[in-house]
Structure formats: C-alpha cells, structure tokens
Amino acid sequence: MKTLYFDNSATTPLSRGAKEAAVRVMDIYGNPSSLHSAGLAAERELTAARGAVLSALGSDKTKGRLVFCGCGSEANNLAVLGVARAKRFRGTPKIIITDSEHPSIENQVRLLEEMGWSAFRVPTKGGALDMKALEENLDESVAIVSLMHVNNETGAVYDVAAAFKTARKKAPNAFLHCDAIQAFLKIPMNVHRLGCDAVSVSGHKVNAMKGVGALWFTPEAEKQRRFSPVIYGGGQEGGLRSGTENTVGIASFGGAVAEKAKTFADDARKCRALTEQIITELSDVPEISFNLPPLRAPHIISITNSRVRSETLVHFLSAKGIFVSAGSACSSHAKHPSSSLVSYGLTEKEASKTVRVSLSPEYTSEDITYFCNALKEGVTTLAGE
C-alpha cells in the first residue's frame, strides 16, 4: 500500500544529513564540558552544529547567540518565563501574544496571568495580525511581546517584522520574541530582519532528531541579562540551559540544517506547487472548503468539510496509508475545537471538521492525486456526524 506522510508540521523524518551526523557522533561519547580530548571532540561537534544553525538563521557568532535546548517548547519557555523571572517589574506587567499561539506560549501566559500579569491576545482573524489592536495595546507596561511567525495549523504567515517594529517604538523596553518553529527553513527568514530580541526553532521540524531545540538571541539581550535560566544545574550553554548537552541530537540538528539550507528555495517551490494542486483538484467538491490566509507557508494547507468529523477522516485516510492531522499534534487529543481555527474565524463545528495537510518536497503530482481521490471518497461516503 502506498504511504503518504502529510503531517510534516507535527514532525519530520530524519534527513540523510541528520542520520549521518548522528551516527558519526554516536562514537564521540565524551561530555562536551570535559577538558580532555574526548570532551573536546564532543565540544567541536556542538560548535559545528551551532554554526550551521546560526548560518541558516542569517546570523553568526559575532551577531547572535544560540542556546541549545531540549525542544522548541523549552526554547519558548526560556524566552518567556526566562524574561518574566529576570527582574521585578513595576506595577502590573503586560505580555502581548496572538490569539492563536502554540500551547507552549499560551499556557505560559495563563500561568503569568495567575501570577498577576495582564495579557493581550492580538486577533488573527482571517490569518493576519490585527495591527490596529496591537498598536492600541502597546504601552510602557508591556514587558514581553511574543508572536509566532507561521501558524502551525493554518499556515498563516504573520507580518511579525512590522509588528516588532511597532512594538519597538511604542514599548521600547519590551522583550520581543518570535516563535519561528514552523517558519524556520520553510519560508524566507533572517533573524536580524525580524527586529526582535530572540527567536525559537526546533530540530524535529526540519528533519533532525526529536529532543533538540534552540533559542537565538541578540548579544545585547545577553549583555543586559534580559532573561534568566528556567533549568538550573552545571551551567552549560553559557549558564542559560544547564544539563549535559544532547550531543548526538544536536549534531543531527546541525547536519539536517546544513543540508536543508542548500535546497530550501527549491523545496518551498515544490511544496507550493503541491498545495496549489490540492486546491485545484478539490475545488469541485461542494462539501470541501479551504482556509487560505493572505500569506501562507508553502507546506501547510487547512481543509474544512461539511460532513465528516476530522478524527473520523484522519482514521479513514490512515487506513489508506495517508497521514494527516486534526489540528496540531500538540492538541490532537484535546476535547475542544482548535483555538487557532476558531481565532481564524471558523465556528466550533467547522473547526471540528478540519484537517491539516503539511507536505514535504519529495512527493509527486501523482501522490497528490491519490490523496485528493481518497479525501473525496471519505468526505462523500462517511456519515456526517
């Protein structure tokens, strides 16, 4: 049976570069903090991987810092809770995020609200930032602005550069953070052009091993001690992320990034063509509609149908060897509709009948036709409720 893995926003298979780097480093067993030659060999692998990720972000060690973490969620926690804990704020500090953030941001904000912070969630109806609402809520009390670059469920590309530019003017003391986990090596991105203080990325979204993420930040943020660790211990990663580094996983991250950076433009073009083919082939099915933001990442397409619950459709397609998701993997077991889809403008009923298709460039036009035919079959033959 044909197998089509169309859930690449949840995780990605290991690339050749990631596998080769991981296998090579499995025999480099020294602790990177040790001063003997085995430790120095491990440290060199970390340095090489750090350089590869920095380069892919459009930075280098003179213009930015990179802390390796255990995952993208941890990188987000270091950026938000790390800032919140770094100093005492006068009055009631405020944090601004979007109303469609990943749980690794949203759940931190709920915790901060319980601790007395105020929060404003910028509307993203239709897949675009409400810049007027953002501007109206920026003031001197804002301590943190954290905005995702690409929405993990709709593929919406938010104009975070414009948002951070506005934030820098109206809340000059705020720490500006971007969750770029779904954007990294999927859309053109240079961290210095974003205009923020810190950017989160994740390894397993770009064909590296699970269990590795990173937080990039400016030298100024480090110099001013604008955030504190959230994990304490031996002081690894410049004192910002204690714990012996996952050398094998980090090496796989560097290997995957170095490989993917070379094919990024061509990969994006191929994925765009595949998503456009899906729209064309399913446009004549009256039960199906698409959630298409004004700017969207090339690899993600959100599809709503009027008859079949998303979980049912996911299982139907899985039986045919096609793997898609009902919302994001992080919220797929939730009992309530996706908040991202409701924020986009769908009703709860519509959100409960929406699937996310997230592609990779190795698939063909024939694969897309196979998927579209299977989706048509599922939508038109399965019970509606």
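The coordinates are above.
Remember, predicted model here, so these are calculated numbers, not experimental data.

It is worth spelling out the sheet that holds strand β12 (residues 354-358) at this point. Strands sit in the order β9-β10-β12 across an open sheet of 3 strands; the sheet is antiparallel. The open sheet is flanked by β9 (288-291) and β12, the only strands paired with a single partner. For this sheet the average axis-to-axis angle between neighbouring strands, irrespective of direction, equals 30°. Of the strands in this sheet, β9, β10 (300-305) and β12 are in contact with helix α13 (residues 365-381), which crosses β10 at around 25°.

Running from N to C, helix α2 (residues 37-56) and helix α9 (residues 247-282) cross one another at 35°; their axes reach a closest spacing of 8 Å. Crossing angle aside, the handedness with which α2 passes α9 is left-handed. The residues of α9 that touch α2, namely those facing A42, E45, L46, A49, A52, V53 and A56, are T247, I250, A251, F253, G254, V257 and A258. Here the residues of the contact of α2 with α9 sort into 11 nonpolar, 2 polar and 1 charged.

Let us now look at the sheet that holds strand β2 (residues 65-69). Through backbone hydrogen bonds, the strands of a sheet pair up, either in parallel or in antiparallel fashion. Read across the open sheet, the 7 strands follow the order β2-β8-β7-β6-β5-β3-β4; overall the sheet is mixed. A single partner strand is all that each edge strand has here, and the edge strands are β2 and β4 (118-122). Adjacent strand axes in the sheet meet at a mean angle of 20° when their direction is disregarded. Of the strand pairs in this sheet, strand β7 (residues 198-202) and strand β8 (residues 213-217) are connected by 5 bridges, and their pairing is antiparallel. Bridge pairing in β8 places S202 opposite G213. Against the sheet, helix α4 (residues 103-114) makes contact with β3 (94-98), β4, β5 (142-148) and β6 (175-179), and its axis sits at roughly 150° relative to β4, the strand it touches most.

In terms of residue burial, β10 counts as a mostly covered element, since 6 of its 6 residues are buried. Burial of β10 is two-sided: the residues I300, S302 and T304 facing one way and the residues I301, I303 and N305 facing the other way are all buried. Here 4 bridges tie β9 to β10, and the two strands are oriented antiparallel to one another. By the bridge assignment for β10, F290 is matched with I303.

Turning next to the packing of helix α1 (residues 16-25) against α9. A pair of packed helices can be characterised by two numbers: the angle between their axes and the separation between those axes. For the pair α1 and α9, interaxial distance at closest approach is 7 Å and the crossing angle is 150°. The orientation of α1 relative to α9 falls into the category roughly antiparallel. Pair α1 / α9 crosses with right-handed handedness. Residues R16, G17, A18, A21, A22 and V25 of α1 form the contact with α9, whose participating residues are T247, V248, A251, S252, G255, A256 and E259. Considering only residue class, the contact of α1 with α9 consists of 7 nonpolar, 4 polar and 2 charged.

Here the focus is the pairing of β8. Along β8, 5 of the 5 residues are buried, which leaves the element largely enclosed by surrounding structure. Judged by which residues are buried, β8 turns out to be covered on both faces: G213, L215 and F217 on one side and A214 and W216 on the other are all buried. Relative to β8, β2 runs antiparallel, the two sharing 5 bridges. Looking at β8, one finds that L66 is bridged to W216.

Mapped onto the secondary structure, D179 falls in strand β6. Of the side chains with opposite charge, K205 lies nearest to the buried D179, which makes no salt bridge, at 9.1 Å. A distance of 3.2 Å separates the side chain of D179 from the side chain of N76, its partner in a polar contact. A polar atom in the side chain of D179 sits 3.0 Å from the backbone nitrogen of I181.

To continue, consider the pattern of salt bridges. In this structure the tally under the stated criterion is 17 salt bridges. The residue E237 makes a salt bridge to R50 at a minimum N-O spacing of 2.7 Å. In this pair, E237 is assigned in the loop between α8 (219-223) and α9 and R50 in helix α2, connecting sequence segments 187 residues apart. Like E237, the residue R50 is buried in the burial classification.

The next point concerns the environment of T263. Position of T263 among the secondary structure elements: in helix α9. On the basis of relative accessibility, which here comes to 36%, the residue T263 falls in the partly exposed class. Residues T263 and L185, 78 residues apart in the sequence, show an inter-C-alpha distance of 9.4 Å.

Tracing the backbone through its elements, the reader meets I95 in strand β3. Leaving out residues up to four positions away in the same chain, I95 has contacts with V80, V109, L112, W117, S118, A119, F120 and I144.

It is worth spelling out the nonpolar core at this point. Of all hydrophobic cores here, the largest spans 54 residues; its most connected members are L57, F68, V145, F184, V199 and F253. For this core, the leading source of residues is α2, giving 5 residues. Formed by 29 residues, the second largest nonpolar core is a distinct cluster that contains I279, V324, V357 and A374.

What counts and what doesn't
- Residues numbered from 1 in each chain as written.
- Predicted model: local features only at pLDDT ≥ 70, side-chain atom pairs only at ≥ 80, totals over all residues.
- Heavy atoms only, no water.
- Pairing = 2+ DSSP bridges.
- Helix = DSSP H or I, 4+ residues; strand = E, 2+ residues; numbered from the N terminus.
- Axes fitted to C-alpha atoms, helices over the stretch in contact; angles between N-to-C directions.
- Contact = heavy atoms within 4.5 Å.
- Left-handed = near helix turned anticlockwise from the far one by under 90°.
- Nonpolar A, V, L, I, M, F, W, Y, C, P; charged D, E, K, R; others polar.
- Buried < 20%, exposed > 50% of the residue type's maximum accessible area, 1.4 Å probe, protein only.
- Parallel < 35°, antiparallel > 145°, perpendicular 65-115°, else oblique.
- Lys, Arg positive; Asp, Glu negative; His and termini not counted.
- Salt bridge = Lys/Arg side-chain N within 4 Å of Asp/Glu carboxyl O.
- Polar contact = N/O pair within 3.5 Å; in protein donor to acceptor, adjacent residues only side chain to side chain.
- Core = buried A, V, L, I, M, F, W, Y, C linked by side-chain atoms within 4.5 Å.

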